[in-house]
Structure formats: C-alpha cells, structure tokens
Amino acid sequence: MAILSYLSFRNIQNENYLIQKNFDESRVSLQKELEDALEKEQSKIFQEAKAASLFLYELPKSLLEFGNAANFKDVNGIEAIFLYNNGTLVYPDISSKMLSHTSSFPDAKPSLAESALYQSEQESSKLQEAEFAREMLARNPLLTPKEQTQNILGLVRIAYKKKDFNEALRLLKILESRPKQQGYLHSDLTHSINLLHFDILVKMKKHQEAEDFCLSVLNQFLQEKTIEDIPATKFFFETAFTQILSFENLKQEKREAFWNLRGNFNRQLNYTDILIHNQELFQNTLHGENLSKSGVLFRSEGNVTLFRMSYPMLPGNQVVIAKVDNNAYQSRILDKLRITAQRWNNVPFSITDAKDSLLLGAIPDSANVITQVSFNAAPSWQLSLYEKDVGEIRKESRHRMFLMYGLLFFSLITVIFGSFFMLRFFIQEHKLLAMKANFLSSVSHELKTPLTSIKMFAEMMARGRVMKVEKVQEYSSLINKEASRLENLIGAILNYTRMEHGTGAFKWEKLDFSVCAKKVFEAVEDIGVEKGLSFKTHFDPNVYVMGDYTALYSLAQNLIENAIKYTNAPGDIEIKVYNEDDRAVFSVIDTGVGIPSSEQKNIFNDFYRVGDEMTRSTKGSGLGLAIVKRVAETHKATISLVSKPGKGSNFTVRFRKVD
Ligand code: ADP
C-alpha cells in the first residue's frame, strides 16, 4: 500500500507531461484513422458504381428483354452513371440523339376568337354552341394550318367531353398525320396528342390497344434522330407506363417488363438531361488528366461534381463517369468519419468543406491549428486538428491529481484504521487469552480445593481412623458440602458454555418468572440466613415471560447468590418480581459491599472479577454476571445496575411481558 501511495505521488508530477504526450499520440491516430475511413468509404462507392455500370453495359437492347433484366441497383451517393467506350457514350444510349432546340417558340397568345371558343367549351350550357362554331370554322378554307390544328383540337375536346371517343380518335388521326405541330403552350404538340390518344383508348377500356400504342410511340421515339423535349417525353411515358401497370388483366410477365422498362427509360432520360446540361464538364472529365494514384479523377463545376474511373474489367477502352449526389455522398462519408471520431473524443478537430462550412467536429474559439490536411477526394474537405486547450489539460491533470490524492488519502485511512482495528483485536485477543488462562487456573484451583478435602476425609474414613459416630457424620457432611460446591462450580461452567452456544439450545415457552425466582430463593435462602442475612421477598402472581426455564433460573440464581456472597452480616436482601406496564421486572437489592462505578461496566465481562479484598476472599468464577448478561440479551431484556461502594447494589432486569 505504501509503495502504491508513493508511486501515485510520483505520477502526479508527470501528469501534465503524460496528458500532453497522450494527446499528441491520439491526434496522430485520429488523423490517420479519419483518412483511412474516408478512403475506405470512397473506394466502396467506386466499387459499387463499377458494379452498377456493369449492369448498364449489359442492359437489354430489345424492349421485350426488359422483363428478364435484373433491377438496376442504385448506389447511395451517386446520382447518375455514364459509360463510355473509346470516348463514345455507350450509356445512356438515347443520349446519342442530342437535344435539338426548337427555336421557334409558340405564339404567346391565341386569337380572340379562339379564346372565346375555348371559354364556351368549358361551360356545358354553351358546349353545343361551341361545337357548332368549331364545325363551321373547320369548313373555312381561309384558316391557317395552325388555326386549323387548334380548331381540330377543340373538336377533339368536345367529342371527349361528350364521350364520343370514336369521333375523338378519328379527329386525332388527322392531327397525327401532321407531325411537328405547335400549340400555344408547347413547341411540339406530339406528346399532348399522344397522351390524349392513349387516354381515350384507356377510357374505351381498349387496354391491349393502349399498350400497343404506347410501345409504338416508344419505337417511334427510339427511331427519331433527336430528342425535342425531355420533360414532355418523360411526362408522356411516365403517365402511360403508370396507367398500363394499373391494368388489372396485365399478365405478370408483361407487368415486370413494363416495370423495368419504366425504370430504365426514366433513368436514361434523367441521365441524358444531366448530360445535356453539363456537356462541357463531361468533356473535361472524359479527357482530363488523371491525377490521383487511385485512378479516379474528380471534376467539379458549381454544384455538379463528376468523377471518372477507368474500367479495366471490360475489353476496349472503357470509362465510367459518375455524377455525385452531393448530399447523399457527403452524409455517407460523414457517417463513417463520425463513427471513427467518436473513439477520440478528447482530440479537438474539425472537417470543413470548400466553402469553409463546418461538417464535423468543432472549431474551438482560441486554439492553434496544429495540422491541416486536405482530403484529396471529391469533397474538397479540409481536416484541421487543434492544440489541446491549456486550461483543459490543466483541468484533466487536476482531475487525475484529485483522484490520486483521493487514492492516497483512502490508502492512508485504510492503513490507519486497519492498524487500529488490528491492534484492538490483538489486545482483546491477548486479554481474552489471559482471562481464559486465569479462568482455567482459578477453575482448576476451585475444583481442586473441594476435591482435596473430599479425598482427605474419605481417606481418613477408609483407613478406619475415625471411630466416633459423630466424627463420621461430621466428615460425611463435609464431604457432601464439598461435593455440592464442586457440583455448583461445574454447573456454572456448563451453564456458561451452554450460553456460548446460543439460543439454538433453548427451549422456548411461556412461563411465570415469579415461580422461577421463588424456586431459586428457596434453594439458597438457608445459606443467606446462615450467614446472618435477612430476606424480604415480593413475588407477584402471573408475571409471564417467553423464555428458557433453565437459562432464566440460572440468571436469577446468579444475581441472588451474588447478593448473598457480597453482603456481610448483618445485611438485608430484597427480591422482587412484578409487572410494570408491558414489562416483567426482576430486582435483587442488597446492602452489601457495592461496586465502584468504574467497575460497573466490567463486571458483566466473561471471567471478570473485581480485585477488592471481599471478592478475593469470596469464591467465584467471574462467570456469573456474564451468564446473566447473555441470558438477558437472548431474552431481549435490559439490565440496570445502581450501586454504591459500602452501601449496596440494585440489579434490575426488565423482560418483555406476555399475556
Ligand atoms: P463471581 O463468580 O466472582 O461472583 P460474577 O460474574 O458473578 O463473578 O461477578 C463479577 C464480580 O462483580 C464479582 O467478582 C464481584 O466483585 C462483583 N459483584 C457481583 N455482584 C455483586 C454484588 N451484589 N455486590 C457487590 N459486588 C458484586
């Protein structure tokens, strides 16, 4: 313990130094672990993007193959994947039809007449009127083609409202035979017309025809050399595919095919849209020089970040370009970094993005930056590691010192208390041993004295030297007296050992204490009277207690015998047993030698005897009151003693009364 305390003390001196060193090591580890975690997660994303692009490369080309194709697996953190072979785009293949910007915008406003007619169409009361006017207009040879188109569209709307679907289809056929027509809102009406056509077929419950129509529009679209309007195209196919998928009688195989078709087609359109809006960045990325050792090249412009990976698994000069989904990518990597950093929560660090906004960690108010590294990856993030705040180091060392002092203090207290208790234990043990030795010698002496007398008288009688009858009687009664002394002594020792074994040996019963005390009194009365003492007794009837008869008998006997033993003639002894509230009270009061107050506590100890003249000349074992105390304790009784040397003693025992 002492060595430990000394070592703790020495440690305190090194605490500041150790904390600083520990912190330096932690900082280096944190940096390395963060860099590793970032690299690991990124290469995971690269791998997943590669695996996904493999599927795109093998994408079924014919429509009917779509039903068998596995679902494309989206990569968390990647928005779009593009596949190039020898510098030519392979996926999305519809991107090869680049967007042709139809420069002629539709007229901003319809003519007044057209607006009025459109208004009438909306009100059912004027529908008839509007139809009539439209039919009249249709016959007007002076209408421009655009006006004709609008008029036919109006007639289609009216037929659709009247649920005259066949008429609506007939009119749509006329419009479909004139491609590339413009409306007021769309530069190209084709998709609106197609959508109307498809919708009418669905309304007529011609599901098979509706499916065929959708596929024929798709075929037509794939054969076109250019894409005119991606949002409109997307809208038509999204609506049509969704409708078809909701057909109840659609066969499982076809449902799967349309499901996959919808997914793949949408993806192609979305990717193409991205490609079209970032053509320059794609070219830069495709032809940029490869800088990083991982073979991945990042290029960003505004919010758009692309990365290029070479693709060695496939023949030819394959290249994958992926567009990063900024938020998903960022949170995917940050999640990993956050977990890594958790282990090093005592190292101040921050991760900031290119715009200096904080992504992870914290920027301390006043701490010097120790290390600053750029993560050389898509997120052009910066990792900063800061000096540990001096105050914090002090605080930590104070905390540790406090702990150490605490330990030291605790150790000292333990040592002191331990020694104290050990010492006390040894002293007690020593005392006990001395007392036991004393007891044994006094017991053996006590045993020997009556035995010697018995032996002597018995021998004398045996040798026939005692002739007179009176002498024989005298010796016999002496032998008898000594024998009962022996008996009493052995009884006390047995009683004592019985008490030592505890209550297990007791037989508990309800008994009248007056009866018990009276028995004791009757047995010893003669001895007292012989000594010249006078007795006063008071035994109330029915003083019931719960207890062991033999134990209580021995309690009463010891107290009464002591009163007789330690009172010189002429003296008085009063014995009382009575009820008092919920207590049963037993008192023995004598006018004897009394006990000095300094001894009153000791006399109840095992083998203890007061060292005065009176006691020395009186026979005893020092066990009587020890037995009284034990019996009282096991019976949950209290003992009170009032005594004055030369005046006398009053021993009172209070038991719990039972009814
Ligand atoms: P012993 O066998 O010596 O009587 P006890 O345990 O009964 O042993 O008593 C312990 C000591 O207490 C006695 O040695 C005596 O000095 C003292 N003592 C006990 N009872 C009385 C009493 N009634 N009056 C005076 N002294 C007493």
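Residues numbered from 1 in each chain as written. Predicted model: local features only at pLDDT ≥ 70, side-chain atom pairs only at ≥ 80, totals over all residues. Heavy atoms only, no water.

Draft legend 1. Broad picture of the overall build of the protein chain. Counting secondary structure elements, the protein chain contains 17 helices and 16 strands. Counting across all 659 residues of the protein chain, residues that qualify as buried make up 41%. Considering only contacts in the protein chain between residues 6 or more positions apart, those separated by 24 or more positions represent 68%. (Helix = DSSP H or I, 4+ residues; strand = E, 2+ residues; numbered from the N terminus. Buried < 20%, exposed > 50% of the residue type's maximum accessible area, 1.4 Å probe, protein only. Contact = heavy atoms within 4.5 Å.)

Draft legend 2. The arrangement of the sheet that holds strand β13 (residues 571-580) in detail. Taken together, the five strands give an open sheet; going across it, the order is β11-β13-β14-β16-β15, and neighbouring strands pair in mixed fashion. The sheet terminates laterally at β11 (533-539) and β15 (638-644), the two strands that pair on one side only. Across this sheet, the average inter-strand angle for adjacent strands is 10°, counted without regard to direction. Strand direction decides the pairing type here: β11 and β13, joined by seven bridges, are parallel. Bridging from a neighbouring strand, F535 pairs with I573 of β13. Where helix α15 (residues 549-565) meets the sheet, its contacts fall on β11, β13, β14 (583-590) and β16 (648-656), and the angle it forms with β14 comes to roughly 25°. (Pairing = 2+ DSSP bridges. Axes fitted to C-alpha atoms, helices over the stretch in contact; angles between N-to-C directions.)

Draft legend 3. Expanded view of the side chain of R332. Note on placement: R332 falls in helix α11 (residues 326-342). Overall, R332 belongs to the buried group, its relative accessible area being 10%. Excluding anything up to four places from it in sequence, R332 contacts E41, K44, I45, E48, V75 and N76.

Draft legend 4. Fine view of the pattern of salt bridges. Counting across every chain of the model gives 19 salt bridges. When the shortest N-O distance is used, the salt bridge between R332 and E48 registers 2.9 Å. Of this pair, R332 sits in helix α11 while E48 sits in helix α1 (residues 2-57), and the two are 284 residues apart along the sequence. A relative accessible area of 30% places E48 in the partly exposed class. Here R134 and E121 are joined by a salt bridge, their closest N and O atoms 2.7 Å apart. (Salt bridge = Lys/Arg side-chain N within 4 Å of Asp/Glu carboxyl O.)

Draft legend 5. Region of the structure containing the sheet that holds strand β3 (residues 296-301). Across the sheet, which stays open at both edges, the five strands sit in the order β2-β1-β5-β4-β3 with antiparallel pairing between neighbours. Looking at the sheet topology across the chains shown, the edges are occupied by β2 (88-91) and β3. The average undirected angle you get between the axes of adjacent strands in this sheet is 30°. As paired elements, strand β1 (residues 78-85) and strand β5 (residues 318-324) share seven bridges and run antiparallel to each other. Within β5, the position partnered with N85 by the bridge is Q318. Each of β1, β3, β4 (304-310) and β5 is contacted by helix α10 (residues 279-287), which is oriented at about 30° to β4, the strand it contacts most.

Draft legend 6. Structural context of the site of the ligand. Close to the ligand lie 21 residues, the nearest being N562, Y566, R609, S621 and L625. Here an oxygen atom of the ligand sits 3.3 Å away from a polar atom, N or O, in the main chain of G624. Within the residue set of the shell around the ligand, elements represented by two or more residues are α15, α17 (624-634) and β16. With three residues, α15 is the largest single contributor of residues to the shell around the ligand. Tallied by class, residues from the shell around the ligand come to 10 nonpolar, eight polar and three charged. (Near = heavy atom within 4 Å. Polar contact = N/O pair within 3.5 Å; in protein donor to acceptor, adjacent residues only side chain to side chain. Nonpolar A, V, L, I, M, F, W, Y, C, P; charged D, E, K, R; others polar.)

Draft legend 7. Spotlight on unusual backbone geometry. For the bond running from A569 to P570, omega is -10°, close enough to zero to count as cis. Tracing the chain through its elements places P570 in the loop between α15 and β13. Backbone geometry places K163, a non-glycine residue, at a positive phi of 60°. Tracing the backbone shows K163 in the loop between α4 (145-161) and α5 (165-176).

Draft legend 8. Examining helix α6 (residues 190-203) more closely. In a regular helix each residue adds 1.5 Å, so 14 residues correspond to 20 Å; α6 covers 20 Å between its end C-alpha atoms and thus fits that length. When we look at burial in α6, the residues that qualify are H191, I193, N194, H197, F198, I200, L201 and V202. Where α6 is buried, its residues contact α4, α5, α7 (207-223) and α8 (230-245). Looking one or two residues past α6, K205 carries a phi angle of roughly 60°, positive in sign. (Expected span 1.5 Å × (residues − 1).)

Draft legend 9. Summary view of the nonpolar core. Formed by 52 residues in total, the largest nonpolar core has its most connected members in L34, F82, F307, L337, F349, I351 and W381. Per-element tally for this core: the top contributor is α1, with 11 residues. Setting aside chain neighbours within four positions, we find L34 in contact with L337, T340, A341, F349, I351, F375 and L383. Grouped together as the second largest cluster of nonpolar side chains are 41 residues, F539, A551, F604 and V631 included. (Core = buried A, V, L, I, M, F, W, Y, C linked by side-chain atoms within 4.5 Å.)

Draft legend 10. Inspection of the confidence of the model for the protein chain at higher detail. Per-residue confidence for the protein chain averages 82 on the pLDDT scale, and 85% of its residues sit at or above 70. Here residues 101-105 is modelled with pLDDT under 50, and outside its nearest four sequence neighbours on either side it reaches five contacts, counting other chains as well. (pLDDT = per-residue confidence, 0-100.)

Draft legend 11. Local environment of the environment of A626. With respect to the helices, strands and loops of the structure, A626 is situated in helix α17. The spatial distance from the C-alpha of A626 to the C-alpha of L555 is 9.6 Å, given a sequence separation of 71 residues.

Draft legend 12. Seen up close, a nonpolar patch on the surface. A surface patch of nonpolar side chains, amounting to about 730 Å² of accessible area, comprises F409, L412, I413, I416, F417, F420 and F421. With respect to the helices, strands and loops of the structure, F417 is situated in helix α12 (residues 390-462). (Patch = residues over 30% accessible without salt bridge, like charges linked within 9 Å, V, L, I, M, F, W, Y side chains within 5 Å. Areas by Shrake-Rupley, 256 points an atom, 1.4 Å probe, with all protein chains shown as cover.)

Draft legend 13. Local environment of α5. When the terminal C-alpha atoms of α5 are compared, their 16 Å separation across 12 residues agrees well with the 16 Å that a helix rising 1.5 Å per residue should span. Considered for burial, the residues of α5 that qualify are F165, A168, L169, L171, L172 and L175. Mapping the buried residues of α5 onto a view down its axis gives an arc of 165°, with all of them on the same face. Among the exposed residues of α5, those pointing more than 90 degrees away from its buried face are N166 and K173. (Arc of directions from axis to C-beta.)

Draft legend 14. Examining the packing of aromatic side chains more closely. This structure, assessed with the given rule, holds 24 aromatic pairs. Ring geometry for F82 versus F282: centroids 4.7 Å apart, planes at 75°, classification edge-to-face. Highlighted residues: F82 in strand β1 and F282 in helix α10, separated in sequence by 200 residues. Exposure remark for F282: the relative accessible area of 1% places this residue in the buried category. Between the NZ or CZ atom of K510 and the centre of the ring of Y544, over which it lies, the distance is 4.6 Å. (Phe/Tyr/Trp six-rings, centres within 6.5 Å; stacked < 30°, edge-to-face > 60°. Lys NZ or Arg CZ within 6 Å of the ring centre and 35° of its normal.)

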